[in-house]
Amino acid sequence: MIEKIWSGRSKLYLLLLPLSFLYGAVSGLRRLLFRLRLKKSVRMPVPVVVVGNLTAGGNGKTPVVVWLAEQLIARGYHPGVVSRGYGGKSDHYPLLITSDTTTAQAGDEPVLIARRTGVPVAVAPRRADAVAAILQHSPADVIITDDGLQHYALERDVEIVVIDGERRFGNGWWLPAGPMRERAGRLKSVDAVITNGGTALAGEAAMTLVPGEAVNLADGTRKPVSELGECVAMAGIGHPPRFFSTLASLGITPAECISFPDHQSYSRDQLSALVKPGQSLLMTEKDAVKCFAFCETDWWYLPVSARFSDEAGNKILDKVIFHIKKP
């Protein structure tokens, strides 16, 4: 139902407009207070790059964070990543991610990013605390913040916004009548706009998510997803249809496609019940990081990576590297 309302296919959004106006007024006032320096923001000793969005739900930020970290490492830099850690609950903050950190403690995305990139990752409600923890324990020379475009308490040097190219801004209204955290005019003040799928407009960098080989949760074995045989696909991400569309583009027709809420927690019995004998369970990498502790031998995940044209990718990297080198 919420997708229908936010996409403009349902007029029920009209009932929520009073709350949306309140949301817009409060968020606009908050941003103004930071711009006027009536609320304090923290400047860190290294450049900060925000990868965020204007809408609620999954837009593809995490693959961009992973891509940016990997590109910076390849050029000799030492990035760190900070996050709010949505969906996780730790008994202390800031929390530095280790091999023993669970998604229940840190949230899905921070654990995924740490596993995928090997860079230092920290979570905290106050992102400046997470940055300070990374700088205390590593030689990081640039910080990437996963989400946090609206977290104005942390000053930033580069702002990158990721847009879902298929859904874009829905009906254009603030939450809860629409998907917007900030209005589309905010794009005029950011450094780069990335469009994930769909059609990139003028000035936007087109991005595609490229799937790799399927990875077995139990032993790390890799093989083409086409060799899995009959499978059941599941996704507990911000926009599950994107995962199912990726499978369709690979010529994969699962016996069933099952959607879960974003940041859903799982149990072995719950997921085992989804497949019949002889079937494999295929999930997203974001789901997989919550399942390694109790996985079965026929569970697989499909990693995806952000891909840009050389020109678009280099433009984004040049903006980031300029600030790293700036005295």
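Residues numbered from 1 in each chain as written. Predicted model: local features only at pLDDT ≥ 70, side-chain atom pairs only at ≥ 80, totals over all residues. Heavy atoms only, no water.

1. Let's talk about the packing of aromatic side chains
Next up, step 1: Inspection of the entire model under this criterion finds eight aromatic pairs.
Next up, step 2: Arranged with centres 4.6 Å apart and planes meeting at 55°, the rings of W67 and F308 form a pair that is tilted. Of this pair, W67 sits in helix α3 (residues 61–74) while F308 sits in the loop between β15 (304–307) and α10 (310–325), and the two are 241 residues apart along the sequence.
Next up, step 3: Using a relative accessible area of 9% as the deciding quantity, one classes W67 as buried.
Next up, step 4: Taking 5.9 Å as the distance between ring centres and 55° as the angle between the ring planes, the aromatic pair formed by F243 and F244 counts as tilted. A single burial state applies to F243 and to F244, both of which are buried. (Phe/Tyr/Trp six-rings, centres within 6.5 Å; stacked < 30°, edge-to-face > 60°. Helix = DSSP H or I, 4+ residues; strand = E, 2+ residues; numbered from the N terminus. Buried < 20%, exposed > 50% of the residue type's maximum accessible area, 1.4 Å probe, protein only.)

2. A look at the UniProt feature "transmembrane region" (unreviewed entry) in the chain
Next up, step 1: Those places that UniProt annotates as "transmembrane region" (unreviewed entry) correspond, in this numbering, to residues 12–33.
Next up, step 2: End C-alpha atoms of residues 12–33 are separated by 33 Å, and the span's content is 95% helix alongside 0% strand. (UniProt positions renumbered as here; feature names shortened; annotations may be inferred.)

3. Describing the packing of α3 against helix α5 (residues 108–117)
When two helices pack together, you describe them by how their axes are tilted relative to each other and by the distance separating the axes.
Next up, step 1: It is the contact of α3 with α5, at a shortest axis distance of 10 Å, that shows an interaxial angle of 30°. Compared by their axis directions, α3 and α5 come out roughly parallel. Crossing angle aside, the handedness with which α3 passes α5 is right-handed. The segment α3 lies against α5, with T62, V65, V66, A69, E70 and I73 engaging E109, L112, I113, R116 and T117. (Axes fitted to C-alpha atoms, helices over the stretch in contact; angles between N-to-C directions. Parallel < 35°, antiparallel > 145°, perpendicular 65-115°, else oblique. Left-handed = near helix turned anticlockwise from the far one by under 90°. Contact = heavy atoms within 4.5 Å.)

4. Focus on the packing of α3 against α10
Next up, step 1: Packing of α3 against α10 brings their axes to within 11 Å, and their N-to-C directions diverge by 65°. Classified by chirality, the crossing of α10 by α3 is right-handed. The segment α3 lies against α10, with W67, L68, Q71 and L72 engaging G313, I316, L317, V320, I321 and I324.
Next up, step 2: Looking at side-chain class alone, the contact of α3 with α10 contains eight nonpolar, two polar and no charged residues. (Nonpolar A, V, L, I, M, F, W, Y, C, P; charged D, E, K, R; others polar.)

5. As for the environment of G118
Next up, step 1: Along the chain, G118 turns up in the loop between α5 and β4 (121–123).
Next up, step 2: Owing to a relative accessible area of 61%, G118 belongs among the exposed residues under this scheme.
Next up, step 3: Along the sequence, G118 and G80 sit 38 residues apart, while their C-alpha atoms lie 9.5 Å from each other.

6. Considering helix α7 (residues 240–249)
Next up, step 1: When α7 is considered as a whole, its buried residues turn out to be P240, R242, F243, F244, T246 and L247.
Next up, step 2: A positive phi of about 80° marks G251, the residue just after α7.

7. A closer look at the pattern of salt bridges
Next up, step 1: Scanning the model with the defined rule gives 17 salt bridges in all.
Next up, step 2: When the shortest N-O distance is used, the salt bridge between R181 and D147 registers 3.0 Å. Separated by 34 residues along the polypeptide, R181 in the loop between β6 (158–164) and β7 (192–196) and D147 in the loop between β5 (142–146) and β6 bring together distant segments of the chain. D147 shares its class with R181; the two are buried.
Next up, step 3: Residue R186 is joined to E182 by a salt bridge in which the shortest nitrogen-to-oxygen separation is 3.3 Å.
Next up, step 4: Residue R186 is classed as buried on the basis of its relative accessible area of 5%. (Salt bridge = Lys/Arg side-chain N within 4 Å of Asp/Glu carboxyl O.)

8. Comments concerning the state of the cysteines
Next up, step 1: Inspection of the entire model under this criterion finds zero disulfides.
Next up, step 2: We note that C257 lacks a disulfide partner, and the nearest cysteine sulfur, in C231, lies 8.0 Å from it.
Next up, step 3: With no disulfide partner, C291 has as its closest neighbouring cysteine sulfur the one in C295, 8.1 Å distant.
Next up, step 4: Exposure remark for C291: the relative accessible area of 0% places this residue in the buried category. (Disulfide = S-S within 2.5 Å.)

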